[in-house]
Amino acid sequence: MIGSGFDAVIPILCVALSGLVVLLAEAFRGRDDNMPIGGLAIIGLVGAAAATILLWNRNTTSFGVVTADNFALFVNLVLIGVGLLTVVLSSQVVDRDGLPSGEYYAVLLFSIVGMMLMAQASDLLLMFLALETMSIGAYVLTGIRRDSPAGTEAAFKYFLLGAFASSFFLYGIAFLYGVTGSTSLDRISSVIAAQSMSGNPMILLAIGLLIVGFAFKVAAVPFHMWSPDVYEGAPAVVTGFMSTGIKAAAVAAFVRVFLTALDPMVADWAPVLWVIAAATMIVGTVVGVAQTSLKRMLAYSSIAHGGYILTALVAGGGQGSDTGKAAILFYLAAYALTNIGAFGVIALLGTRERANDDLRDYAGLWHSHPALATMMTFFLLSLGGFPPTAGFIAKWYVFSAAVGSDYYGLAIIGVLSSVVSVFFYLRIVVMMFMTDRDARPVPAPVGRVAIAGLALALIGVLYLGVLPSAVIDFAQASISTIF
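**Let's talk about unusual backbone geometry**
Here is step 1 of the chain: The omega torsion of the bond from valine 221 to proline 222 falls at 5°, within 30 degrees of zero and hence cis.
Here is step 2 of the chain: Along the chain, proline 222 falls in the loop between helix H8 (201-218) and helix H9 (226-233).
Here is step 3 of the chain: Note the cis peptide between proline 387 and proline 388, where omega equals 0°.
Here is step 4 of the chain: Mapped onto the elements of the fold, proline 388 is located in the loop between helix H15 (370-384) and helix H16 (390-404).
Here is step 5 of the chain: Phi is positive for asparagine 59, close to 50°, though the residue is something other than glycine.
Here is step 6 of the chain: By the element assignment, asparagine 59 lies in the loop between helix H2 (37-54) and strand E1 (60-62).
Here is step 7 of the chain: Judged by its relative accessible area of 41%, asparagine 59 falls in the partly exposed class.
Here is step 8 of the chain: If you check the backbone angles, phenylalanine 63 has positive phi at about 60° while not being a glycine.

In structure tokens form, the structure reads like this:
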């Protein structure tokens with residue numbers, strides 16, 4: 001029996017061992033063997049979900065640096081859900097595009113290991129190692145189509161900019177260690193609280209460097225320029241995974257560092273994040289209106305949604321609203337289901353020869369794929385914040401938290417940007433239902449397994465939109481464990 005000192009890492013170990021099993025299965029199967037590699041990945045993720053549920057309310061810590069509090073476990077469940085949906089949606093894409101299935105699923109799982117470790121890390125050095133584990137997997141998945149020049153360019157660009165951003169994060173850790181003498185988040189918080197460090201140039205520099213590192217992963221302005229090119233060059237199913245999983249893991253680490261360790265310095269960092277959040281919502285929305293590629297449009301949409309999450313983070317800082325802190329978790333769950341569903345539709349409509357992600361490719365989709373057109377409509381409405389979808393409740397929750405913490409300007413900017421974003425979401429709906437299809441070839445039929453994955457995402461989106469109270473209470477109970 002595993003000792004209690006190892007309990008906190010059991011969900012991570014389940015995913016890591018699943019990745020190793022996938023690699024072994026790929027090594028020993030023949031070329032014509034139809035071994036269900038994706039099924040092995042699902043088994044590992046389901047095991048991790050079971051372990052996560054069993055750890056609920058236990059608040060255990062392993063090795064003094066891996067914490068399994070309810071906050072981390074909530075994020076773990078979101079990440080596991082993202083992983084399961086990605087594997088299910090990948091079942092058709094991997095075979096169609098000729099991707100190396102063993103490598104694909106193994107790298108996907110190891111990237112999830114990094115994401116989960118980011119959410120559970122209570123030490124900055126471990127958080128950095130987790131960030132790199134997650135990032136390396138994302139770089140590989142971006143360029144996994146070796147015959148795609150766009151994918152190779154996107155992976156190379158992502159790697160260079162990601163390494164540059166990671167160096168900022170590491171320097172921030174170094175400066176923070178120099179000031180506090182520790183990389184433990186609890187120790188950093190106690191040292192800052194015990195000493196008057198407001199205005200200390202060293203710690204202000206450390207905070208600025210950490211913001212750069214986190215803002216890059218969240219794709220916040222002005223560190224967002226990699227996002228549209230990477231989202232466009234990567235396979236659509238990978239883009240959906242990155243836009244949800246990486247954002248959830250980065251936000252979880254962001255919250256753990258800034259709302260716990262650096263919370264005594266909230267007066268110094270809150271104004272900076274206020275400006276970043278406002279700029280992110282505005283730029284993501286305004287530039288997204290001009291896009292004709294659906295993947296690039298959703299990339300800018302993802303940028304804007306990062307701004308909404310940062311709004312909740314600012315609202316939850318210091319003596320801010322507890323609603324703002326819980327809104328972060330609820331928004332992550334709602335956004336994950338919605339965005340992975342939208343990118344899943346794009347992935348299933350693509351072919352090996354072309355992505356079919358141009359706006360015109362969706363003209364008349366209702367006539368050729370009514371089920372996909374219907375599901376895509378709900379996903380887009382949720383991204384736009386229409387009731388009765390998860391997106392509406394998530395945005396209402398965030399803006400209420402901003403108003404409750406007296407950030408009226410940020411709430412107004414968020415509402416206005418949401419109104420503007422409605423244009424490019426509804427434009428796609430109009431193309432699908434009210435425009436005749438031109439001479440472009442009709443996309444191939446979609447497999448039942450992939451349709452089932454999209455249906456699960458849609459059920460989640462509608463459930464969070466119609467009956468959100470249980471998940472909201474769940475989020476509030478989770479966030480309270482780290483404050």
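**Quick notes on the pattern of salt bridges**
Here is step 1 of the chain: Per the counting criterion, the structure on display carries nine salt bridges.
Here is step 2 of the chain: For the salt bridge of arginine 146 with glutamate 103, the shortest nitrogen-to-oxygen distance reads 2.6 Å. On the criterion of sequence distance, the pair formed by arginine 146 in the loop between helix H5 (124-142) and helix H6 (149-180) and glutamate 103 in helix H4 (residues 101-120) is long-range, its members being 43 residues apart.
Here is step 3 of the chain: Of the residues examined, arginine 146 reaches a relative accessible area of 60% and is grouped as exposed.
Here is step 4 of the chain: Under the relative-accessibility criterion, glutamate 103 is labelled partly exposed at 36%.
Here is step 5 of the chain: When the shortest N-O distance is used, the salt bridge between lysine 157 and aspartate 229 registers 2.8 Å. You can see lysine 157 sitting in helix H6 and its partner aspartate 229 sitting in helix H9, a full 72 residues away along the chain.

**A short note on helix H3 (residues 70-97)**
Here is step 1 of the chain: Under the 1.5 Å per step criterion, the end-to-end length of H3 is 39 Å for 28 residues, consistent within 8% with the ideal 40 Å.
Here is step 2 of the chain: Considering bend angle alone, the principal kink of H3 is centred on serine 90 and spans about 45°.
Here is step 3 of the chain: Among the 28 residues that make up H3, 22 are buried, leaving the element largely enclosed by the rest of the structure.

**Brief notes about the side chain of glutamine 92**
Here is step 1 of the chain: By the secondary structure assignment, glutamine 92 is in helix H3.
Here is step 2 of the chain: The exposure class assigned to glutamine 92 is buried, which follows from its relative accessible area of 18%.
Here is step 3 of the chain: Not counting the four nearest positions on each side in its chain, glutamine 92 is found in contact with Leu348, Pro445, Val446, Gly447 and Ala450.

**What to know about the packing of aromatic side chains**
The relative placement of two aromatic rings is captured by the distance of their centres and the angle of their planes.
Here is step 1 of the chain: Taken as a whole and assessed by the stated rule, the structure comprises 22 aromatic pairs.
Here is step 2 of the chain: Ring centres of phenylalanine 128 and phenylalanine 169 lie 6.4 Å apart, and the angle between their planes is 15°; on these two criteria the pair is classed as stacked. In this pair, phenylalanine 128 is assigned in helix H5 and phenylalanine 169 in helix H6, connecting sequence segments 41 residues apart. Judged on exposure class, the residue phenylalanine 128 and its partner phenylalanine 169 are both buried.
Here is step 3 of the chain: Here the aromatic rings of phenylalanine 330 and tyrosine 397 are separated by 5.9 Å at their centres, their planes lie at 80°, and the arrangement is edge-to-face. One end of the pair, phenylalanine 330, is in helix H13 (residues 322-349); the other, tyrosine 397, is in helix H16, with 67 residues separating them in the sequence. The pair phenylalanine 330 / tyrosine 397 is uniform in exposure class, with both members buried.
Here is step 4 of the chain: One aromatic cluster is present, formed by Tyr139, Tyr158, Phe159, Phe216, Trp226, Tyr231 and Phe343 through successive ring pairs.

**Some remarks on empty space enclosed by the protein**
Here is step 1 of the chain: Across all of its chains, the model carries three cavities of 30 Å³ or more by this definition.
Here is step 2 of the chain: In this structure, the largest cavity is lined by His305, Tyr331, Ala334, Tyr335, Thr338, Ser382, Leu383, Gly391 and Ala394.
Here is step 3 of the chain: Looking at the lining of the largest cavity, the elements with two or more residues in it are H13, H15 and H16.
Here is step 4 of the chain: A per-element tally of the lining of the largest cavity places H13 first, with four residues.

What counts, and at which threshold
Residues numbered from 1 in each chain as written. Predicted model: local features only at pLDDT ≥ 70, side-chain atom pairs only at ≥ 80, totals over all residues. Heavy atoms only, no water. Helix = DSSP H or I, 4+ residues; strand = E, 2+ residues; numbered from the N terminus. Buried < 20%, exposed > 50% of the residue type's maximum accessible area, 1.4 Å probe, protein only. Salt bridge = Lys/Arg side-chain N within 4 Å of Asp/Glu carboxyl O. Expected span 1.5 Å × (residues − 1). Bend = angle between axes of the 7 residues up to and from the residue. Contact = heavy atoms within 4.5 Å. Phe/Tyr/Trp six-rings, centres within 6.5 Å; stacked < 30°, edge-to-face > 60°. 1 Å grid on protein atoms, 1.4 Å probe; cavity = no way out; pocket = protein on both sides within 12 Å on 5 of 7 lines; lining within 4 Å. Points joined across faces, edges and corners; volume = space filled by probe spheres on them.

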